[in-house]
Amino acid sequence: MTEDPTVTLHNLRSSIDNIDAALIFMLAERFRCTKQVGILKAEHGMPASDPSREEQQIGRLRRLAEESSLDPEFAEKWFNFVVAEVIRHHAAAADGR
Ligand SMILES: C=C(O[C@@H]1C=C(C(=O)O)C=C[C@H]1O)C(=O)O
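Residues numbered from 1 in each chain as written. Predicted model: local features only at pLDDT ≥ 70, side-chain atom pairs only at ≥ 80, totals over all residues. Heavy atoms only, no water.

Visitor: I'm lost on the pattern of salt bridges in this one. Help?
Guide: Between side chains of opposite charge, a pair can form when the charged atoms approach closely. The final tally for this structure, using the stated rule, is four salt bridges. The partner of Arg-62 in a salt bridge is Glu-76, and the shortest N-O contact between them spans 2.6 Å. Of this pair, Arg-62 sits in helix H2 (residues 51-67) while Glu-76 sits in helix H3 (residues 72-94), and the two are 14 residues apart along the sequence. Arg-62 sits in the partly exposed class, given a relative accessible area of 23%. A residue is classified by how much of its surface remains accessible, and Glu-76, at 24% relative accessible area, is partly exposed. One salt bridge connects Glu-85 with Arg-88, and the closest N-O pair in it is separated by 2.8 Å. Placement of both Glu-85 and Arg-88 in helix H3 is noted, with a separation of three residues, approximately one turn of the helix. The partly exposed category is assigned to Glu-85, whose relative accessible area is 29%. (Salt bridge = Lys/Arg side-chain N within 4 Å of Asp/Glu carboxyl O. Helix = DSSP H or I, 4+ residues; strand = E, 2+ residues; numbered from the N terminus. Buried < 20%, exposed > 50% of the residue type's maximum accessible area, 1.4 Å probe, protein only.)

Have a look at this one:
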């Protein structure tokens, strides 16, 4: 007998909620690291962004996305979205904000 679709939906949503929670925790840890990078850069007069590093990261993330059947365009968009926020934080740290 097939499972009640409302039960299936409930179970799938439970997994989605767990994954969303894990993503929030991982993002929080990532921003904790990038905050330290922002302070280091501000203290040593380094530029907020590093386009060559970002290019390497995008290449790697696109490859990983392909290997795991995730749209590489989406992976790149996600990365650029996150990095834009990181750069904003770094620029603020450099301005003493
Ligand atoms: C965190 C850094 O600063 C910026 C943010 C990056 C990121 O969020 O991964 C990567 C490169 C930089 O443009 C860094 O230089 O490593």
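Having put the structure on the table, let's press on.
Visitor: I keep staring at the site of the ligand and nothing clicks. Help me out?
Guide: The local shell around the ligand holds 14 residues, among which Arg-30, Lys-41, Asp-50, Glu-54 and Gln-57 are the closest. A distance of 2.8 Å separates an oxygen atom of the ligand from a polar atom in the side chain of Arg-30. The side chain of Gln-57 places a nitrogen or oxygen atom 2.8 Å from an oxygen atom of the ligand. The site holding the ligand turns out to be the second largest pocket. For the shell around the ligand, the secondary structure elements donating two or more residues are helix H1 (5-43), H2 and H3. Among the residues forming the shell around the ligand, the class breakdown is five nonpolar, four polar and five charged. (Near = heavy atom within 4 Å. Polar contact = N/O pair within 3.5 Å; in protein donor to acceptor, adjacent residues only side chain to side chain. 1 Å grid on protein atoms, 1.4 Å probe; cavity = no way out; pocket = protein on both sides within 12 Å on 5 of 7 lines; lining within 4 Å. Sits in = over half its atoms within 2 Å of the grid points. Nonpolar A, V, L, I, M, F, W, Y, C, P; charged D, E, K, R; others polar.)

Visitor: How should the side chain of His-90 be read in this particular structure?
Guide: Tracing the backbone through its elements, the reader meets His-90 in helix H3. Of the residues examined, His-90 reaches a relative accessible area of 5% and is grouped as buried. A polar contact is formed between the side chain of His-90 and the backbone oxygen of Ala-48, at a distance of 3.2 Å. Sequence-distant contacts of His-90, that is, excluding residues within four places in its chain, are made with Thr-34, Val-37, Gly-38, Lys-41 and Ala-48. (Contact = heavy atoms within 4.5 Å.)

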